[in-house]
Amino acid sequence: MSVLNHPPTGLQPILKPQAHHAPGNFITKYIFSTDHKIIAVQFLFTTLLMMIVGGALALAVRWQLAFPWESMPIVGPWLFAAEGGQISPEFYTMLFTMHATVMIFLVIIPILAGTFGNFLIPLMIGADDMAFPKLNMLSYWFMWPAIACFGLSFAYAGGPAAGWTSYPILADLAQAAPGSGNAQTLWLFGVTFIGFSSMMGSINYMTTIINMRAPGMTFFRLPMTIWGLFITAILQAFALPVLTAGGFMQVADRLLGTCFFYPSGLVINNAAPTVGGGQALLWQHLFWFYSHPAVYIMLLPVMGMVSDMLSCMCRKPLFGYKPMVISMSAIASLGFIVWGHHMYTSGMNPAVGMAFMVATMMIALPSAVKTFNWTATIWGGKLEFNTVTLNCIAFLSMFIVGGLSGIFMAAVPVDVYFHDTYFIVAHFHYVLFGATLFGVFAAIQFWFPKMFGRMMNEKLGKTHFVLTFIGANGTFFPMHFLGMQGMPRRYADPYLHGYLEHLVPMNQFMTISAIIMGLAQILLFINIFYSMFWGPKAGRNPWNATTLEWAAPSPPGHGNFDFVPMIYHGPNEYAVENGDKDFLMQSEKECLPPDKKHETDTDETETSE
Amino acid sequence: MGKGWCLFFLFWPVAAVASCAMAPFVNWSFPYDNAQAASNLGIRIDGLFYLILVITAIVFIGTQAVLVYALWRSVNNREKRAMHIHGNHKLELIWSIIPGVILLFLSIYQMNIWADFRIKKYFPEAAVKAPLAEVTARQFEWRFRYPAIGKKLQQKPQSDDLYSVNELHVPFGKPVLIQLRSDDVQHSFFLPALRVKQDALPGLQIPVWFEANKPGIYDLVCAELCGWGHYKMKAHVIVESDGEYQKYLKNLTQKQFYDGLGKIASKDSSRESEAAEK
Amino acid sequence: MSQDSKLPQYRMGLPIPHSKLGMWLFLATEIMFFSAFIGAYIVLRAGSPGWPTDANITHIHVWAGGLNTFVLILSSFFVVLALEGMKAENFAKARRYLCLTFLLACVFLGIKTYEYYGKFSHDILPGHIPETPRMAIDKSMREMKQVVDSRTIALANFKPPAKSEPAKTEESVELAGVTDEKTKEITPPVEILRQKLQAELEAPDTSESRKKELAAYFALETKFIDLNKRALNESITLTEMNQELDALRKNPDYGVFLAPVHHLQPIIYGNLFASVYFLLTGFHALHVVIGMIMFVIVLIQGKRLCEKWNDYVENIGLYWHFVDLVWIFLFPLIYII
Amino acid sequence: MSEQQSHSYVKYSTIFFALCICTVLSILFDFIDLREKSLLGLKGVVLLSLVVLSIACAKALFVMIYFMHLKFEGRWKYVLLSPTIILAMGLTIAMTPDIGIHYYVDESPQVDYLKQAQQATPENGSANNAEKSHVE
Ligand code: HEA
Ligand code: HEA
Ligand code: CUA
Ligand SMILES: [Cu+2]
């Protein structure tokens, strides 16, 4: 790392005319753009669109669970004219498979890495774009083949019906799930495409973060957001190829007659016995080797963003910056050696299971450090409840629930009971929806002014928050009780079994909550589109935040900065003493005494919430 | 307004804790009206569950309470600036060591239960010597193969084996072992009442042991997605006294070999399993 | 890559260009990709109680693999020299060596093709390999039935058999079950055709050569029916079957038609072996092809090659060494152990 | 500059020859066929794998260090490569107890086939001969 002599002042005069519009016409500017900010916005809208799709699928799942075999209102008769509007059991399988696929591969991962990764990395480290802008564009456009594959798979080919985990032999041999012949293959291609997209993204992010930091931006001055995204990119780079490899093997099994994942002698659906030699457990290892790190891929960026947002909202430096970084790295590295906890009951070697159990237990430790540090950041802060704060607190509160239910499942004997019951479903919706999505809501609200130059509406935001929070808890908390009762997941009609008969009312309550939550999302969409055009204009730094992106214009032009960024501090210098304001931007060398007016005042318009 | 939000964030953990506390009384807890596990190992698993529940409840209540209190303080902060503090090593050390110790304790504490459940060395000897039955999962039913009375279960189907579908009879009060296998895709042998679950993995024969301690009729369900009919792999495990169990086996033998129809049925299934080998 | 690399004083980071850093990161992901494959191979193999290793059965030739190793090493060496040339601004030298590398890649793929051809011609393909003598007998009977049926069709349609037949049978062998039914649907049932041929054979006005053809066909058919009966009775061992088939193949009248019927050996775990073999070598070959495309991009620059391409050549060099590295591990794992 | 270059030129060709020798060595080990032998308590196949794989590792190191210029790179090479290699090996090692070794009874029919094949060795032997005569 080159050591630099810092010029004395913070904001340099414009050396090169950077902040201007992207060259070219409408198409190259807004569609096939190589500008990271445009790509981020493209990702944002694509993923939000996909969220509607995934949510609608979830609501269909919920409908079947609350009112099994009853015609769905409005869409039912139209979709399933033949069955009198009923959801068929096959279709139920496809529903939750697609729900999970869309939510994980097309919503959560792209919105974190794609939207916020793209938007924030160059801005926060003081670069004018990504290291490989073309690759960046490609990574967005690779999402569309994936969407096409998933869509075709669902709409045309009968639907993938093996769950998002795609376990063989069900997913591996066409005759095991009649009717889903090409669908599963298409699904696998979809996963491969989205894998390529993520791969290009993560190589790009890593290169950018390693090589393009502004002078003075040492690793330990990176904002937590960047740390989260950086570690996510590393996780992705190491874990994803394994899934891709496994995916190719499964495709080969389906199309080319290879036999990696199925043994000989299985009589499936009255077909001739299989001639194989492979092993089903191999897929599970390859899959979870990716998919466990993937759950942290879905969490770490949010952890980073929440750290930055919380400390900004509390006007207080992040409590324990280094321990936060270290615990994040610990989560990432431990995340690679716990994948077996999804396989405790799968017939894996019990000794290995025990090793995985210990590792899984230990991963709660860095999470604990983070949780406590966030709480300590709030402690003694100067907080105001705006939408961002509320969503951040919800993140924290819900992550604790999801994490603690993870402890039950990490305990192998307890997981023997809980595996593949709704307790698991409760766990991962708490972490995925409760933690990640609330974090994302907060981040949208927080960085919206930088993306579009306008503030989002607070009233709508708060209403959306309250409804979503109540709806989410109403939907997902009772799932713990369903799990306790032993209700297996992926059941189209659990009430067939005597011991689950009495659970209908609880499921109906959950479904109603889910519908409320779903409707609440409409407010989010209204808020976004309304504010994009009619929201109050935001200045450079509406939140009085410290990180570098707030020193750039809102929205930043092509090339991002109208000055040469130099970094003098760590990222969260709030509550600084004897300054004219209570924060010190990373690009400001020192705070001016209160009596002197700051020369390059960055808050042109004070926006109040 | 700020206080209202604090109450909002206070309200929901309270509701969560209250509903959990309520759960055992309104049948939201373990199945069969929150009955104790019907197996000895299950009781130990429940014990571990309650231990973790207590720990997590304390952590949950503690963290949420501190969170709300911190929020309350921050919102009502009348100072001009927030506290300027970057961290506190002592504090950090304390709150990483305490959970660390708890977690380490939990991991060591549970090892025995797991070892007893799964590691072959610790299986009860009597059960291993004379496995009760072979359980074959298939789309979408459970098949059970018992050895003929007085004989031992063989790896390969024998001509005098006894078969039943979707109904497993088990004597209580002694450990029994089943050989779990699958004919087609992956399934999972899940006995909620006994807290037993094990996936049936194609190509492997997995021994599962359990000791039922209460007679009764329990549900046996499939817990691993196995196709469209996953939800309807409905079967029962009938736990009864040893005498009744022997009577059942005799009955089964009668049905299978002494009335004309049964004979054909038994031949059929043995032919099928032969075919399966090829 | 981007203009920033020219202004290093404004950036913190490693003292290497973005593109090289990106390439190394990409290579790290590639290591994970191949180690998933190789790891899967190792554990699958360890978990299989038997594994075909006899070169006569698997048609894996150490000399071919060894030669390929040599070819790749040599090409790696040439890439280094090409980079050397670039750095010394000796672009003619660079071009020469890149060209040689490209040619060596072609040689590599040629040898690979030869090996694949051997596998295909012995039908050592995943999903096609019989694992017991019984399965082998069944399979040869299936293949022979295909031959007989297609002969029937060919003769009845007066088509010159030599042209259309081999391709057709090849296809139908692959999809035995499926195509069978298809052919039946499209063409009149084979049985009717056969009777027509029978009538033709007995008819007085058939030409001599035609009669000879038909006689050969019926001789073949009788043989097939006989063998098939014995196969169904299980009164024939695989060795006998293979001997019979070999004898038939030598028959001057109809031996040539039996080319699509393989001399079959049961290979226990053969399907898994073939799966792994084609997976590993296939993906490696794919990487070779990608590398060749990247070489072509430089080579078509011709005389325009200049120091702007230094980074590019260095990066494809790195990539090419990686391809070499993978092969260095594949060679012992597949060919020797 | 040119001096340095010619120096490394020689070096590259040395590396190239070393690689060739390694290749020849591993082919040699194939011909010796360690399968039947055992050494230091290691069984044939294990021994063979160890020997051949260590040769492969040596070759890989040659290529990485010299051809890929890792010798001349900064510390980042360790930061990048050591986790990669640990993970790559870790994946294989972690899968071994489950897939490489069966903890539970393997009931795949191939186990029976192998038994049958062993019983029928004499027949098998003659079949092998027939096979050999068929090979080009
Ligand atoms: C963002 C996603 C995310 C995150 C962060 C996590 C985090 C954790 N997960 Fe989760 N998990 C999923 C997503 C996630 N998971 C998904 C999607 C599945 C299901 C996949 C499928 O099958 O479809 C799953 C499944 C799953 C299983 C498998 C269950 C089964 O199928 O049988 C297990 C088992 O161990 C597990 C454990 C854990 C643990 C221990 C953590 C830990 O990281 C949690 C750590 C956090 C805390 C513990 C809370 C904060 C800490 C404190 C307040 C300190 C004090 C605490 C103590 C002293 C206990 N998870
Ligand atoms: C990030 C991931 C994510 C998210 C956000 C969600 C969100 C939701 N999930 Fe999801 N879910 C998974 C990931 C996720 N899920 C996974 C991985 C599985 C496992 C699948 C498997 O077993 O393979 C699963 C499985 C799963 C099941 C279990 C199915 C089964 O096992 O049988 C259920 C059941 O209730 C469920 C429900 C819901 C609901 C109600 C939401 C709600 O939060 C959704 C609310 C959002 C919306 C509704 C979108 C907004 C909509 C609009 C703005 C338009 C308005 C539209 C209408 C009102 C029609 N999910
Ligand atoms: Cu069987 Cu699910
Ligand atoms: Cu996990």
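### Some words on the overall build of chain C
When helices and strands are tallied, chain C shows twelve helices and zero strands. In chain C, the succession of α and β elements from N to C terminus is α-α-α-α-α-α-α-α-α-α-α-α. Pairs at least 24 residues apart make up 77% of the contacts formed inside chain C by residues separated by at least 6 positions. When the accessible surface of chain C is summed, it comes to about 14000 Å², and 63% of that surface belongs to carbon and sulfur atoms.

### Describing the overall build of chain A
The secondary structure content of chain A amounts to 17 helices and zero strands. Relative to the globule expectation of 25 Å for 609 residues, the C-alpha radius of gyration of chain A, 25 Å, shows essentially globular dimensions. Projected onto the principal axes, the alpha-carbon positions of chain A cover approximately 85 × 50 × 45 Å. The buried share of chain A, reckoned over its 609 residues, is 73%. Accessible surface, chain A: about 17000 Å² in total, of which carbon and sulfur atoms supply 69%. Taken together, the 25 basic and 30 acidic charged side chains of chain A have centroids lying 6 Å from each other.

### Some remarks on the interface of chain A and chain B
Taken together, the 115 residues of chain A in the interface contact 98 residues of chain B. Summing both sides of the interface, chain A and chain B together bury roughly 9000 Å²; the carbon and sulfur share of this comes to 71%. Taken together, the connections running from chain A to chain B amount to zero salt bridges. Contributions of two or more residues to the side of chain A that touches chain B are made by α4 (89-125), α9 (280-297), α11 (321-335), α12 (350-378), α13 (387-410), α14 (412-418) and α16 (458-484) of chain A. Ranked by residues supplied to the side of chain A that touches chain B, first place goes to α12(A) with 15 residues. The residue inventory of the side of chain A that touches chain B, partitioned by class, reads 75 nonpolar, 25 polar and 15 charged.

### Description of helix α8 (residues 224-255) of chain A
Residues and elements named next belong to chain A. The end-to-end C-alpha separation of α8 is 45 Å, in line with the 46 Å expected for 32 residues at 1.5 Å each. Along α8, the helix axis deviates most sharply at A239, where the bend reaches about 30°; the proline P241 sits within four residues downstream. Within α8, 29 of the 32 residues are buried, which leaves the element mostly enclosed by the surrounding structure. Count one or two residues on from α8 and you reach G257, which has phi positive near 80°.

### Here's the deal with the site of ligand 1
In the neighbourhood of ligand 1, 31 residues make up the surrounding shell, with Y296(A), D415(A), H419(A), H427(A) and R489(A) lying closest. One finds residues of chains A and B in close proximity to ligand 1. Residue D415(A) places a side-chain N or O atom 2.7 Å away from an oxygen atom belonging to ligand 1. Listed by contribution, the elements that provide at least two residues to the shell around ligand 1 are α9, α12, α13 and α15 (422-452) of chain A. Of the residues assigned to the shell around ligand 1, the class counts are 20 nonpolar, nine polar and two charged.

### Some words on the site of ligand 2
Residues and elements named next belong to chain A. In the vicinity of ligand 2 there are 35 residues, among which R62, Y92, H99, H429 and R490 approach most closely. Contacts to ligand 2 include Y92, whose side-chain N or O atom sits 2.5 Å from an oxygen atom. H99 has a polar side-chain atom sitting 2.8 Å from a nitrogen atom of ligand 2. Of all elements in the fold, only α2 (36-66), α4, α15, α16 and α17 (504-534) reach the threshold of two or more residues within the shell around ligand 2. Across the shell around ligand 2, the residue classes break down as 26 nonpolar, six polar and three charged. Among the domains, domain 1 (29-293) and domain 2 (299-538) are the pair contributing at least three residues each to the shell around ligand 2.

### As for the interface of chain C and chain D
At the junction of the two partners, chain C supplies 63 residues and chain D supplies 58 residues. Together, the buried faces of chain C and chain D total about 5400 Å²; carbon and sulfur atoms form 75% of this surface. The tally of links from chain C across to chain D stands at zero salt bridges. Viewed at the interface, chain D and chain C are joined by four residue pairs in polar contact (both at pLDDT 80 or more). Going through the elements one at a time, α1 (18-47), α2 (55-58), α3 (62-87), α4 (91-121) and α12 (310-336) of chain C are the ones with two or more residues in the side of chain C that touches chain D.

### A look at the coordination of the copper ion (ligand 4)
Summarising the metal site, the copper ion (ligand 4) is bound by the protein donors H292(A) (ND1), H341(A) (NE2) and H342(A) (NE2), whose distances to it range over 1.8 to 2.1 Å. Separation of the copper ion (ligand 4) from the iron atom of ligand 1 amounts to 4.4 Å.

### Points about the coordination of the iron atom of ligand 1
For the iron atom of ligand 1, the protein supplies a single donor, H427(A) (NE2), at a distance of 2.1 Å. Secondary-structure assignment places H427(A) in helix α15.

### Overview of the nonpolar core
For soluble globular proteins, the rule of thumb is that nonpolar side chains tend to be buried together. One finds F9(B), W142(B) and F189(B) to be the most contacted residues of the largest nonpolar core, which totals 417 residues. Ranked by residue count, the leading element in this core is α4(A), at 25 residues. Residues contacting F9(B), with those up to four places away along its chain left out, are F385(A), L390(A), I393(A), A394(A), F465(A), F469(A), V68(B) and L71(B). Core analysis: the second largest hydrophobic core is formed by 29 residues, V148(C), M241(C), L248(C) and V261(C) among them.

### Focus: the side chain of S166(A)
All names here are of chain A. If you trace the backbone, S166 turns up in the loop between α6 (143-155) and α7 (181-211). Of the polar contacts made by the side chain of S166, one reaches the side chain of Q184; its length is 3.0 Å. Not counting chain neighbours up to four residues away, the residues in contact with S166 comprise A171, Q184, W187, L188, Q250 and W283.

### Some remarks on a nonpolar patch on the surface
Residues and elements named next belong to chain A. Together, L59, I515, L519, I522, I526, F529, Y530, F533 and W534 line one region of the surface with nonpolar side chains, adding up to about 900 Å² of accessible area. Broken down by element, the nonpolar patch gets its largest block of residues, eight residues, from α17. Position of L59 among the secondary structure elements: in helix α2.

### Details of the pairing of strand β10 (residues 235-240) of chain B
Residue and element names in this part refer to chain B. Counting buried positions along β10 gives five out of six residues, so the element sits mostly inside the fold. As defined by bridge partners, strand β4 (residues 167-171) adjoins β10 across five bridges and the pair is classed as parallel. Across the sheet, L168 pairs through a bridge with V237, a residue of β10.

### So, the pairing of strand β3 (residues 162-165) of chain B
Residue and element names in this part refer to chain B. Residue alternation in β3 divides its side chains into a buried set, L162 and S164, and an unburied set, Y163 and V165. The pairing of strand β2 (residues 141-146) with β3 spans four bridges and is antiparallel. Counted as the bridge partner of R145 is Y163 from β3.

### Quick word on the sheet that holds strand β6 (residues 187-191) of chain B
The strands making up a sheet are joined through hydrogen bonds of the backbone, oriented either antiparallel or parallel. Residues and elements named next belong to chain B. If you walk across this open sheet you meet the five strands as β4-β10-β9-β6-β7, and the pairing is mixed. A single partner strand is all that each edge strand has here, and the edge strands are β4 and β7 (196-200). The average undirected angle you get between the axes of adjacent strands in this sheet is 25°. Pairing between β6 and strand β9 (residues 216-222): two bridges, direction antiparallel. In the strand pairing of β9, F190 is matched with V221.

### Thoughts on the packing of aromatic side chains
Evaluation of the coordinates by the stated rule reveals 111 aromatic pairs over all chains. A ring pair is formed by F469(A) and F8(B), whose centres lie 5.2 Å apart and whose planes are at 50°; its orientation type is tilted. Separated into two different chains, F469(A) in helix α16 and F8(B) in helix α1 (residues 2-22) make up a pair that spans both. Comparing F469(A) with F8(B) shows no difference in burial state: the two are buried. Seen from the ring of F30(B), R195(B) lies directly overhead, with NZ or CZ sitting 4.1 Å from the centre. The ring of Y97(C) has R96(C) lying over it, and the distance from NZ or CZ to the ring centre is 5.8 Å.

### What to know about the domain arrangement of chain A
All names here are of chain A. What the domain assignment lists for chain A is domain 1 (29-293), domain 2 (299-538) and domain 3 (543-609). Using C-alpha coordinates to define each centre, domain 1 is positioned 20 Å away from domain 2. The interface is formed by 54 residues belonging to domain 1 together with 60 residues belonging to domain 2. Summing both partners gives a buried area of about 4900 Å² for domain 1 against domain 2, and 79% of it is carried by carbon and sulfur. At the boundary of domain 1 and domain 2, one finds zero salt bridges. For the pair domain 1 and domain 2, the interface holds 14 residue pairs in polar contact (both at pLDDT 80 or more). Counting only elements with at least two residues in the side of domain 1 that touches domain 2, the list comes to α2, α4, α8 and α9.

### Focus on the side chain of E224(B)
Structurally, the position occupied by E224(B) is in the loop between β9 and β10. Buried charged residue E224(B) carries no salt bridge. Nearest counter-charge: R490(A), at 4.2 Å. Those residues in contact with E224(B) that lie beyond four places of it in its chain are Y167(A), H419(A), D420(A), R490(A), Q186(B), H187(B), S188(B), D199(B) and H230(B).

Thresholds applied
- Along each chain, numbering runs from 1 in the same order as the chain's sequence is written.
- Lettering for chains starts from A, numbering for ligands starts from 1, and both go in the order in which the items are written.
- Confidence filtering applies because this is a predicted model: local features only for residues at pLDDT of at least 70, side-chain atom pairs given and counted only at 80 or more, and all residues used for totals across whole chains, interfaces and linings.
- With hydrogens and water stripped out, all remaining heavy atoms of the structure feed into the side-chain values.
- We count a stretch as a helix when DSSP gives it H or I for four or more residues in a row; a strand needs E for two or more, and each element gets its number in order from the N terminus.
- Residue contacts are defined here by distance: any two heavy atoms, one from each residue, within 4.5 Å place the two residues in contact.
- Throughout, the Shrake-Rupley method with a 1.4 Å probe supplies accessible areas, and for residues the shown protein chains are the sole cover considered.
- Here the globule rule reads 2.2 Å times residues to the power 0.38, and the radius of gyration is calculated from C-alpha atoms.
- Exposed residues in this analysis have more than 50% of their type's maximum accessible area, buried residues have under 20%, and partly exposed residues fall in between, with area computed by a 1.4 Å probe over protein chains only.
- For the purpose of counting charges, residues Lys and Arg are taken to be positive, whereas Asp and Glu are taken to be negative. His and the chain ends are not included.
- Taken as the charge centre is NZ of Lys, CZ of Arg, CG of Asp or CD of Glu, depending on the residue.
- The term buried area refers to how much accessible surface (probe radius 1.4 Å) is lost by two components on association, counted for both of them together.
- Take a side-chain nitrogen of Lys or Arg and a carboxyl oxygen of Asp or Glu: if they are within 4 Å of each other, that pair is a salt bridge.
- Residues are grouped as follows: nonpolar covers Ala, Val, Leu, Ile, Met, Phe, Trp, Tyr, Cys and Pro; charged covers Asp, Glu, Lys and Arg; every other residue, Gly included, is treated as polar.
- The span expected for a helix works out to 1.5 Å for each residue beyond the first.
- Two axes define the bend at a residue: one fitted to the seven residues ending there, one fitted to the seven starting there, and the bend is the angle between them.
- It suffices for a single heavy atom of a residue to lie within 4 Å of a molecule or strand for the residue to be listed as near it.
- Pairs of N or O atoms within 3.5 Å make up the polar contacts considered here, provided that, within protein, one atom can donate a hydrogen while the other can accept it, and that residues adjacent in sequence are counted only when both atoms are side-chain atoms.
- Where a domain begins and ends is set by an automatic assignment or by a domain database.
- Metal donors were taken as nitrogen, oxygen and sulfur atoms no farther than 2.8 Å from the ion, or 3.2 Å where the ion is Na, K or Ca. Water is excluded, so coordination may look unfinished.
- We call a set of buried Ala, Val, Leu, Ile, Met, Phe, Trp, Tyr and Cys residues a nonpolar core when their side-chain atoms join them within 4.5 Å.
- Two joining distances apply to patches: 9 Å for like charges and 5 Å for nonpolar side chains (Val, Leu, Ile, Met, Phe, Trp, Tyr), and every residue must have over 30% relative accessible area and no salt bridge.
- Two strands make a pair as long as DSSP finds a minimum of two bridges between them.
- All axes here are fitted lines through C-alpha atoms, helices being fitted over the stretch that makes contact, and every angle between N-to-C directions spans 0 to 180 degrees.
- Geometry of aromatic contacts follows a simple scheme: Phe, Tyr and Trp rings, the Trp one being its six-membered ring, pair when their centres are within 6.5 Å, and the pair is stacked under 30 degrees between planes, edge-to-face over 60, tilted otherwise.
- Two conditions define a charge located above a ring, namely a distance within 6 Å from the ring centre to NZ of Lys or CZ of Arg, and an angle within 35 degrees of the ring normal.

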